[in-house]
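Listed here are the chains, written in short residue letters.
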Amino acid sequence: MMQHAWDGYEKYAWGKNEVRPVSLRGHSASIFGSSSMGASIVDALDTLYIMGMSEEYQRARQWVEENLDVNKMVRRRHIGKNLAQTLSSWSLLQSGDISVFETNIRYVGGLLSIYALTGDDLFREKALHVAEKLTPAFKTPTGIPYALVNMRTGVSSASFNYLLSKLFKKEKAESLMLKSILLLFKTFVCLYLKKLSG
């Protein structure tokens, strides 16, 4: 099953965030902006490694090394015909605004998972870079991170985040905080163990 899914992604959507299985096209307009940021590649690295899919893993690693740059994460502006369409397409976002929650769990989490398995410093460095870009979202008066951060400017979209905070429940923010703490802990454990092993 994994081989079939991965082959389809490589053939139809390589480098895009996901593959659309019906149309057989890549898709990148999502919570990670409209740029091709290889979300499926980062998500699958640890699975490819664990399943012994060595050639696929090496191609995925090479893609991450050569192409994964969160400074490229952008979101296109889109104005709908009415307010509902505009809000549903996230048109109020500025170019570069991305979801802190999803970027944290998929990119930081995915990169730290494969780093923990392989000890490959490429993944640690990429994870640290993404985490640094997310840092402004945690500089809030309440301590609850903003929902969005602009990956180009490093500024949180506080006005839109205020609107989102009214729409979503506090459990999501608490979940993000817990996952962030766990990822940070895992990062330090990995670095400490690596230092001990020489």
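Note: the structure precedes this text.
Calculation notes
- Residues numbered from 1 in each chain as written.
- Predicted model: local features only at pLDDT ≥ 70, side-chain atom pairs only at ≥ 80, totals over all residues.
- Heavy atoms only, no water.
- Helix = DSSP H or I, 4+ residues; strand = E, 2+ residues; numbered from the N terminus.
- Expected span 1.5 Å × (residues − 1).
- Buried < 20%, exposed > 50% of the residue type's maximum accessible area, 1.4 Å probe, protein only.
- Contact = heavy atoms within 4.5 Å.
- Phe/Tyr/Trp six-rings, centres within 6.5 Å; stacked < 30°, edge-to-face > 60°.
- Salt bridge = Lys/Arg side-chain N within 4 Å of Asp/Glu carboxyl O.

(A) The arrangement of helix α1 (residues 2-13) in detail. In this model α1 runs 16 Å from its N-terminal to its C-terminal C-alpha over 12 residues, within 8% of the 16 Å that 1.5 Å per residue would give. Within the sequence span of α1, burial applies to W6, G8, Y9, E10 and A13. Along its buried surface, α1 packs onto β1 (18-20), β2 (25-27), α2 (39-50) and α3 (54-67). Where α1 terminates, the next one or two residues include G15, which has phi positive at roughly 90°.

(B) How the structure looks around the packing of aromatic side chains. Scanning the entire structure with this criterion turns up 4 aromatic pairs. Ring geometry for W6 against Y9: centres 5.5 Å apart, planes inclined by 40°, an arrangement best described as tilted. Residue W6 and its partner Y9 are located together in helix α1, separated by 3 residues, close to a single helical turn. By the burial criterion, W6 is buried, and Y9 matches it. Here the aromatic rings of W6 and W14 are separated by 5.9 Å at their centres, their planes lie at 90°, and the arrangement is edge-to-face. Residue classification places W6 among the buried positions, given a relative accessible area of 3%. A relative accessible area of 32% means that W14 is categorised as partly exposed. By way of ring pairs, the aromatic residues W6, Y9 and W14 are connected into one cluster.

(C) Geometry of the pattern of salt bridges. If you walk through the whole model with that rule in mind, you get 6 salt bridges. Across the pair E10 and R59 runs a salt bridge whose closest N-O atoms are separated by 2.7 Å. Within this pair, whereas E10 is found in helix α1, its partner R59 is found in helix α3, the two being separated by 49 residues in sequence. Judged by its relative accessible area of 35%, R59 falls in the partly exposed class. Among the ionic pairs, E125 bridges to R124, the shortest N-O distance being 3.0 Å. Judged by its relative accessible area of 17%, R124 falls in the buried class.

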